[in-house]
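The primary structure of each chain is shown beneath.
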Amino acid sequence: MPGWSVTRAFERRKDARATFNAAGSILDHLRRPANLPSANPTRSLWTHSSADANPLAREGSYGPLTTDADICIIGSGITGISVAYHLAEAVENQTIDLDVPLRVVILEARDFCSGATGRNGGHLTPHTFYSFAARQDRFGADEAIRSSALEEYTASSLVNIIERNGWSEDVDLVNGGNVRLLFTEDEERETRADFERAKHAGINLDNVQWLTRDETYGTPYSAVKLPGHNIWPLKLVTMLYQHAKQCTGEHFDLRMHTHTPVTSITRSQSEGSNANLKYILSTPRGPISCLRVVHATNAYTSHLLPSLAGPDGIIPTRGQIIATRASVGKALIRTNSWSGNQGYEYWFPRPLGPGEERPLIVLGGGREASGPQFELYADDDSGTNPVVGKELRDFLPTIFQGKFEYGTEPEMEWTGIMGYTATGNPFVGPVFDFSTGEKEDFKRQYIAAGYTGHGMPRAFACAEIVVQMIVAELTGTQWSCPTWFPERYLTHNRLKHKN
Ligand SMILES: Cc1cc2nc3c(=O)[nH]c(=O)nc-3n(C[C@H](O)[C@H](O)[C@H](O)COP(=O)(O)OP(=O)(O)OC[C@H]3O[C@@H](n4cnc5c(N)ncnc54)[C@H](O)[C@@H]3O)c2cc1C
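About the thresholds
Residues numbered from 1 in each chain as written. Predicted model: local features only at pLDDT ≥ 70, side-chain atom pairs only at ≥ 80, totals over all residues. Heavy atoms only, no water. Core = buried A, V, L, I, M, F, W, Y, C linked by side-chain atoms within 4.5 Å. Buried < 20%, exposed > 50% of the residue type's maximum accessible area, 1.4 Å probe, protein only. Helix = DSSP H or I, 4+ residues; strand = E, 2+ residues; numbered from the N terminus. Contact = heavy atoms within 4.5 Å. Salt bridge = Lys/Arg side-chain N within 4 Å of Asp/Glu carboxyl O. Axes fitted to C-alpha atoms, helices over the stretch in contact; angles between N-to-C directions. Parallel < 35°, antiparallel > 145°, perpendicular 65-115°, else oblique. Left-handed = near helix turned anticlockwise from the far one by under 90°. Near = heavy atom within 4 Å. Polar contact = N/O pair within 3.5 Å; in protein donor to acceptor, adjacent residues only side chain to side chain. Areas by Shrake-Rupley, 256 points an atom, 1.4 Å probe, with all protein chains shown as cover. Nonpolar A, V, L, I, M, F, W, Y, C, P; charged D, E, K, R; others polar. Expected span 1.5 Å × (residues − 1). Lys, Arg positive; Asp, Glu negative; His and termini not counted. Phe/Tyr/Trp six-rings, centres within 6.5 Å; stacked < 30°, edge-to-face > 60°. Lys NZ or Arg CZ within 6 Å of the ring centre and 35° of its normal.

With that settled, consider the nonpolar core. If you look at the biggest cluster of nonpolar residues, it comprises 73 residues, and the most contacted ones within it are Ile73, Leu87, Phe112, Leu240, Phe252 and Phe485. Considering every element that reaches this core, the biggest residue donor is helix α11 (residues 459–475), with 12 residues. Not counting residues within four places of it along the chain, the set of residues in contact with Leu240 comprises Ile78, Ile81, Ser82, Tyr85, Leu158, Ile161, Trp167 and Phe460. Of all hydrophobic cores here, the second largest spans 21 residues; its members include Val179, Val388, Leu396 and Phe400.

Below, the discussion takes up the pattern of salt bridges. Scanning the entire structure with this criterion turns up 21 salt bridges. Residue Arg189 is joined to Asp186 by a salt bridge in which the shortest nitrogen-to-oxygen separation is 2.5 Å. Here Arg189 and its partner Asp186 are both found in helix α7 (residues 185–200), three residues apart, which amounts to about one turn of the helix. The residue Glu411 makes a salt bridge to Arg325 at a minimum N-O spacing of 2.9 Å. Of this pair, Glu411 sits in the loop between α10 (386–399) and β16 (412–420) while Arg325 sits in strand β12 (residues 315–325); the two residues are 86 residues apart in sequence, bridging distant segments of the chain. For Glu411, a relative accessible area of 45% translates into the label partly exposed. Residue class for Arg325 comes out buried when judged on its relative accessible area of 16%. Beyond isolated ion pairs, a larger network of salt bridges with shared partners links Asp68, Asp70, Arg103 and Lys278.

What follows is about the packing of helix α4 (residues 78–92) against helix α8 (residues 233–246). One way to put it is that α4 packs onto α8 with a least axis distance of 9 Å and a crossing angle of 30°. By the angle class used here, α4 and α8 are roughly parallel. As for the relative orientation of α4 and α8, their crossing is left-handed in sense. Two secondary-structure elements touch here, α4 through Ile78, Ile81, Ser82, Ala84, Tyr85, Ala88 and Glu89 and α8 through Leu236, Val237, Leu240, Tyr241, His243 and Ala244.

What follows concerns the site of the ligand. For the ligand, the set of nearby residues contains 39 residues, the closest of which are Thr79, Glu108, Ala116, Thr117 and Met456. Within the backbone of Gly115, a nitrogen or oxygen atom sits 3.4 Å from an oxygen atom of the ligand. With respect to the ligand, the backbone of Gly453 contributes an N or O atom lying 3.3 Å from a nitrogen atom. Compared with its free state, where it exposes 1000 Å², the ligand has 99% of that area covered by protein. Mapped by element, the contributors of at least two residues to the shell around the ligand are α4, β12 and β16. For the shell around the ligand, the element with the most residues is β16, which contributes three residues. Grouping the constituent residues of the shell around the ligand by class yields 19 nonpolar, 18 polar and two charged.

Glancing now at α10. For α10, built from 14 residues, the straight-helix expectation of 20 Å at 1.5 Å per residue is met to within 8% by its first-to-last C-alpha distance of 20 Å. In terms of residue burial, α10 counts as a mostly covered element, since 10 of its 14 residues are buried. Here α10 has its buried residues at Val388, Gly389, Glu391, Leu392, Asp394, Phe395, Leu396, Pro397, Thr398 and Ile399. Capping of α10 at its N-terminal end is provided by Asn385; its side-chain oxygen lies 2.9 Å from the backbone amide nitrogen of Val387.

Further remarks concern α8. A rise of 1.5 Å per residue sets the reference length of α8, with its 14 residues, at 20 Å; its end C-alpha atoms lie 20 Å apart and thus fit the reference within 8%. Of all 14 residues that make up α8, 10 are buried, and the element is covered over most of its length. Of the positions making up α8, those classed as buried are Pro233, Leu234, Leu236, Val237, Thr238, Met239, Leu240, Tyr241, His243 and Ala244. Summarising the contacts, the buried residues of α8 are in contact with α3 (45–48), α4, β2 (102–107), α6 (141–164), β8 (252–257) and α11.

On to the side chain of Arg458. Looking at the secondary structure, you find Arg458 in the loop between β18 (445–449) and α11. There is no salt bridge for the buried Arg458, and the closest opposite charge comes from Glu151, which lies 4.4 Å off by N-O distance. Looking at Arg458, its side chain comes within polar contact range of the main-chain oxygen of Gly424, at 3.1 Å. Those residues in contact with Arg458, other than ones at most four positions away along the chain, are Leu150, Glu151, Thr154, Gly424, Pro426, Tyr451, Thr452 and Tyr489.

By the secondary structure assignment, Asn54 is in the loop between α3 and β1 (68–74). When its relative accessible area of 10% is taken as the criterion, Asn54 is described as buried. Taking the C-alpha atoms as reference points, Asn54 and Gly115, separated by 61 residues in sequence, lie 13 Å from one another. Not counting residues within four places of it along the chain, the set of residues in contact with Asn54 comprises Thr47, Asp111, Phe112 and Leu234.

Here the structure, examined in full by the defined rule, presents 21 aromatic pairs. The interplanar angle of 10° and the centroid separation of 6.4 Å between the aromatic rings of Trp46 and Phe348 together place this pair among those described as stacked. With Trp46 in helix α3 and Phe348 in strand β14 (residues 345–349), this residue pair connects regions lying 302 residues apart in the sequence. With a relative accessible area of 1%, Phe348 lands in the buried category. For the ring pair Phe195 and Trp210, a centre distance of 5.4 Å and an interplane angle of 90° mean the geometry is edge-to-face. Separated by 15 residues along the polypeptide, Phe195 in helix α7 and Trp210 in strand β5 (residues 209–211) bring together distant segments of the chain. Using a relative accessible area of 8% as the deciding quantity, one classes Phe195 as buried. Looking at Trp210, the relative accessible area reads 22%, which means it is partly exposed. The structure contains a cluster of three or more aromatic residues connected by ring pairs, namely Phe183, Tyr221, Trp338, Trp347, Phe395, Phe400 and Phe404. Just above the ring of Phe374 sits the side chain of Arg367; from NZ or CZ to the centre is 4.3 Å. Over the aromatic face of Phe139 sits the side chain of Arg488, whose NZ or CZ is 4.6 Å from the ring centroid.

Encoded structure:
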């Protein structure tokens, strides 16, 4: 049988983890800033399923460029647009009270939302207890609990916004839970240990279900099922942008320029004091000056912030996805989302469209097959890796025998660039030079980036934290960390934790 082998994949994954841990030495020659996003990316289902799949694709790419702003947000993925959304909400709720409108400009290198958010797996699943034991051992119980709290908070905030505004159909929200297949005894033992440690620490896990081999829909594995959703990520981000845009008025002015890459950031200080500090963002369409910058560029962060290049910073890492058709009807393919091999593979059947009988499955993963480099430091999403593609093509026919056929060619295949950090913790808060600790040169610059392939249940709330900090600065108040937010994510704590 030409199939994917669990044992082989598991061994490769262990090798790959060792590779990642050793990235500081064996991949040191790759310690260079990320390139700008490639000009001709592969096409994802979300952005190119139809001619009008991305209505904001070229928003603000023609005509004059805005020249002056209070806040420039670089990047139009879930992070950048969530920053705009939270700023709009802060103005609407009069958390910021201004006589003049707060001028916010989003700058995007390519089409709207064409980075990781526009090419991901579509899973919105809070990992309430996965990796709990390792986090508790390394960062303490309080921080491990905060990780769960952040993911619950993010996912429930997004689902509440979707339901409150009646967007469920617009964004293809599916509330089907997420089944994680446990491929090996080691994986099962580790998962159960995480569950017990998290429960003992007081996390409510009543809604977690353990499934036996007989209950996992014809697979030979046991599994654990978590509450979770799937969405069409680009549609969600489009709705969030349109919501923020509608707040434009007397107190808020939101603009976006796509196809406008920021190539450098320099300081312009007319009278020498920090009060007059402005930043000049260079773009091929001309410069734009602003008082504050938010880096929402995730995998590409080190292009503008080179101190975040290399293994202690944010490593661009290429993920690959196929959209492949099942060989049986919907009744035999459950509408859950799934993951397996400790989350390295993840998939879910799309809801059936008009006239469709067999579901289209969106499946990502397979990096463990790509050799020792594991797609780390790969920042080009203009092509696919055939070895990873083969791994993905063989995966479902092996796991669900009789429901998928070997040799079926996917209907679409694409790549996207994730921003990995060595511990999986994103960088959130004020920017500084991460190699020297120098702050002054980066005053009023902020970042939320580095979600390590797990951004949907984290980015929206990380953006909220950045906006809380900006509001505190604008109102002259002290920011304090909410109890749901892991303090180790904060940039000023990153030197202490080393990553
Ligand atoms: C293949 C794949 C599958 C994934 N699956 C999942 C999943 O199922 N669930 C999940 O939770 N997470 C998943 N992730 C991770 C998730 O997509 C990311 O964590 C999240 O989308 C990051 O959002 P972001 O807005 O920070 O970054 P992005 O969406 O990458 O947005 C950054 C934007 O910045 C722009 N940009 C970069 N540099 C510049 C510049 N200099 N000037 C102007 N613009 C610039 C880019 O073009 C891009 O649009 C996946 C990622 C990939 C790639």
